[in-house]
Amino acid sequence: MAEEEKSEAIMPELPLGRVKKLVKLDRDINKVNSEALFLISCSTELFLRFLAEQSAEIAIQKKRRTVKLEHLRIAAKKHRPTRDFLLDSLPVPSQPSDRPPADRIRPQPAAEKPLPAGTRRIDDFFRKPEKEKPSEVNDS
């Protein structure tokens with residue numbers, strides 16, 4: 001007795017129309033076969049899932065609850081095939097979140113900054129005049 005294989009239809013989660021538009025951005029490609037489009041979509045999903053899982057593991061190791069760009073960069077560095085093509089495309093983080101921002105240059109307090117001509121600080125608007133005495137109203 002032969003057992004019938006139950007084949008489940010694999011449908012990629014990425015919209016095939018958008019994947020096709022992205023593939024056609026390459027000027028060398030004029031037409032895209034539906035099978036090739038399907039394989040590109042499935043492999044992209046697998047890659048993104050792998051990268052997300054690796055980034056999440058690194059975030060957990062660093063005791064973070066949010067996956068950030070630095071976690072993604074570390075995951076890409078650890079996996080050589082990913083590092084070879086993706087690491088140069090990722091933006092460089094401005095400052096890692098593990099270190100406190102102590103070395104960051106703080107802006108000058110508002111009182112020390114020069115004002116543009118014809119303007120005054122909002123603090124001056126809400127502050128009561130110190131030297132002026134309340135004027136008395138004469139009902140004459």
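Everything discussed here concerns the structure shown above.
All values reported here derive from a predicted model rather than from experimental measurement.

The rules behind these values
- Residues numbered from 1 in each chain as written.
- Predicted model: local features only at pLDDT ≥ 70, side-chain atom pairs only at ≥ 80, totals over all residues.
- Heavy atoms only, no water.
- Phe/Tyr/Trp six-rings, centres within 6.5 Å; stacked < 30°, edge-to-face > 60°.
- Helix = DSSP H or I, 4+ residues; strand = E, 2+ residues; numbered from the N terminus.
- Buried < 20%, exposed > 50% of the residue type's maximum accessible area, 1.4 Å probe, protein only.
- Core = buried A, V, L, I, M, F, W, Y, C linked by side-chain atoms within 4.5 Å.
- Contact = heavy atoms within 4.5 Å.
- Expected span 1.5 Å × (residues − 1).
- Polar contact = N/O pair within 3.5 Å; in protein donor to acceptor, adjacent residues only side chain to side chain.
- Axes fitted to C-alpha atoms, helices over the stretch in contact; angles between N-to-C directions.
- Parallel < 35°, antiparallel > 145°, perpendicular 65-115°, else oblique.
- Left-handed = near helix turned anticlockwise from the far one by under 90°.
- Nonpolar A, V, L, I, M, F, W, Y, C, P; charged D, E, K, R; others polar.

**Remarks on the packing of aromatic side chains**
Throughout the structure, instances matching the rule amount to 1 aromatic pair. The interplanar angle of 45° and the centroid separation of 5.7 Å between the aromatic rings of Phe47 and Phe85 together place this pair among those described as tilted. Separated by 38 residues along the polypeptide, Phe47 in helix α2 (residues 34–61) and Phe85 in helix α4 (residues 80–86) bring together distant segments of the chain. The exposure class of Phe47 is partly exposed, given its relative accessible area of 25%.

**Notes on the nonpolar core**
Among the nonpolar cores identified, the biggest contains 7 residues, and these are Leu51, Ile58, Ala75, Ala76, Leu86, Leu87 and Leu90. Put simply, the parts of the chain that give this core at least two residues each are α2 and α3 (69–78). Those residues within four positions of Leu51 in sequence are excluded, and the remaining contacts are Leu72, Ala75, Thr82 and Leu86.

**Re α2**
Over its 28 residues, α2 runs 41 Å from end to end, which matches the ideal 40 Å to within 8%, given 1.5 Å per residue. Buried within α2 we find Leu37, Ser41, Cys42, Glu45, Leu51, Ser55, Ile58 and Ala59. If you follow the buried residues of α2, they end up packed against α1 (16–23), α3 and α4. Note on α2: the residue one or two positions beyond its end, Lys63, has a positive phi of about 60°.

**Concerning the side chain of Ser55**
Position of Ser55 relative to the elements: it lies in helix α2. One polar contact links the side chain of Ser55 to the main-chain carbonyl oxygen of Leu51, over a distance of 2.8 Å. Residues within four places of Ser55 in sequence aside, it is in contact with Val67, His71, Leu72 and Ala75.

**So, the environment of Leu90**
Looking at the element boundaries, Leu90 is found in the loop between α4 and α5 (122–126). A C-alpha to C-alpha distance of 8.3 Å links Leu90 and Leu69, two positions 21 residues apart in sequence. Once residues lying within four places of it in the same chain are set aside, the contact partners of Leu90 are Leu69, Leu72, Arg73 and Ala76.

**A short note on the packing of α2 against α3**
Look at α2 against α3: their axes get within 8 Å of each other, and the N-to-C directions meet at 115°. Viewed along their axes, α2 and α3 adopt a mutual orientation that is roughly perpendicular. Both α2 and α3 take part in a crossing whose hand is right-handed. Every residue of α3 that contacts α2 at Leu51, Gln54, Ser55, Ile58, Ala59 and Gln61 is listed here: His71, Leu72, Ile74, Ala75 and Lys78. For the contact of α2 with α3, the class distribution of residues is 6 nonpolar, 4 polar and 1 charged.

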